[in-house]
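If you want the building blocks of each chain, they are given just below.
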Amino acid sequence: MDAKITKQRIGRMLSYDWIKIVAVIAAVILGWSLVFTTTATRIQPWQEFTVFSYSSNVPLDDGYYTRQQGILQDGVFSYETIETHTYDLSTQKDMAHTMLQTRLSTNEGDVLFLPNAPDATNPVEKDEQTTYPRTYVQAMLSSYPSNFFDIEKYLQGMDEYLDEYYGGDHTTGTLDEDKVKQAFLDRVKANKDKRFKTEKQKQAGALDEVERIRKYKTAYDEFTGFLQDGIVTLETVTAVNPDGTVIKNETTDEPALEGKFALNLCPDVTTMGKLSNWYSYVDETVEKPAMTSKNMCVMFFDMYDVDDSYEYESLVYVTYIIKDCYTPVQNG
């Protein structure tokens, strides 16, 4: 039998079987793709730090993104934050709420920057007078009543979380590193975390976990210091209707939702005016609109599918911003 391979025979084979050959190649590629997809370590929602700059704000510039990337590269966050994302909603105002809803539905979202200023998108005309009955933070809380932390409760939770590892009181105690490491190893085992397969990886991760707790304590101490000194302030926010009337509990007739849901990062431009390098807005409701960071606030997202302890990365980020922008008052 003549089994010699010739150009003619190869040509005939390709002309008749090329579809089968392509199908086999495609099947092999798809198979390997599925293998890599199913075995790869997927990034978790708490490993992405997501910032929203609201549609009320001035569009972010290139310098902002350079600084934002530097925060990640310089190790400001703990090891658990692998990626950062910023969504500038001012560049797509018509899609702002749609984008927010989409991201929140997939547990993406850590902090939202917006001013505690009259909501220029909600004017009310009465007796030839134009009023703006809601602020941006009121409108946001009213639209997403279950998606934000009451920051007082957030800080209380962080205080209690740190106490667990500092002998019951992190303000006076010493960090119990062995307890932190053991809690980390238990969590890795329970969650079958693919990042820590070998003993060497687990031990390295345990050390990173100790550093994570230290970062949280440092951020907590620095932040509460700024808060006590009045450099930043917590704002009481009440959910209200578009006409400004308070949304009430039908049973008690009390406000349905009210609390310290916003942190005012710039109550005084003398000390925090440099915040405009990061986030600012134009108050369009005054006679002479001008760009400012006065009363620029941040709200902390509460993702119910994410353990609260991972959401303390938000305070690490906000504290970094405060330190970067704070200008001490010159005496004399």
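Our subject is the structure that appears above.
Here's a quick rundown of the structure. (Residues numbered from 1 in each chain as written. Predicted model: local features only at pLDDT ≥ 70, side-chain atom pairs only at ≥ 80, totals over all residues. Heavy atoms only, no water.)

### Observations regarding the pattern of salt bridges
- Tallied over the full model, the rule gives nine salt bridges.
- One salt bridge connects D193 with R195, and the closest N-O pair in it is separated by 2.8 Å.
- A residue is classified by how much of its surface remains accessible, and D193, at 21% relative accessible area, is partly exposed.
- Among the salt bridges present, the one from R212 reaches E209, with a minimum N-O distance of 2.8 Å. Separated by three residues within a single helix, R212 and E209 lie in helix α7 (residues 199-228), roughly one turn from each other. The burial state of R212 is the same as that of E209; both residues are buried.
- Among the charged side chains, a network of salt bridges with common partners joins E80, D193 and R195. (Salt bridge = Lys/Arg side-chain N within 4 Å of Asp/Glu carboxyl O. Buried < 20%, exposed > 50% of the residue type's maximum accessible area, 1.4 Å probe, protein only. Helix = DSSP H or I, 4+ residues; strand = E, 2+ residues; numbered from the N terminus.)

### Let's talk about the environment of Y279
- If you trace the backbone, Y279 turns up in the loop between α8 (269-272) and β8 (281-282).
- Judged by its relative accessible area of 1%, Y279 is buried.
- Y279 sits 164 residues away from P115 along the chain, and the two C-alpha atoms are 9.3 Å apart.
- Setting aside anything within four residues of it in sequence, one finds Y279 in contact with V51, S53, L60, Y64, Q68, F113, S293, M296 and Y317.
- In terms of polar contacts, Y279 uses its side chain to reach the side chain of Y64, at 2.7 Å. (Contact = heavy atoms within 4.5 Å. Polar contact = N/O pair within 3.5 Å; in protein donor to acceptor, adjacent residues only side chain to side chain.)

### Focus on the layout of surface pockets
- Of the pockets and cavities examined, the largest pocket occupies roughly 370 Å³.
- Around the largest pocket, the lining comprises 23 residues; the ones closest to its centre are S55, S56, D119, T121 and Y136.
- Taken together, the elements giving at least two residues each to the lining of the largest pocket come down to α3 (96-105), α4 (136-143) and β8.
- For the lining of the largest pocket, the element with the most residues is α4, which contributes four residues.
- For the lining of the largest pocket, a count of residues per class yields 11 nonpolar, seven polar and five charged. (1 Å grid on protein atoms, 1.4 Å probe; cavity = no way out; pocket = protein on both sides within 12 Å on 5 of 7 lines; lining within 4 Å. Points joined across faces, edges and corners; volume = space filled by probe spheres on them. Nonpolar A, V, L, I, M, F, W, Y, C, P; charged D, E, K, R; others polar.)

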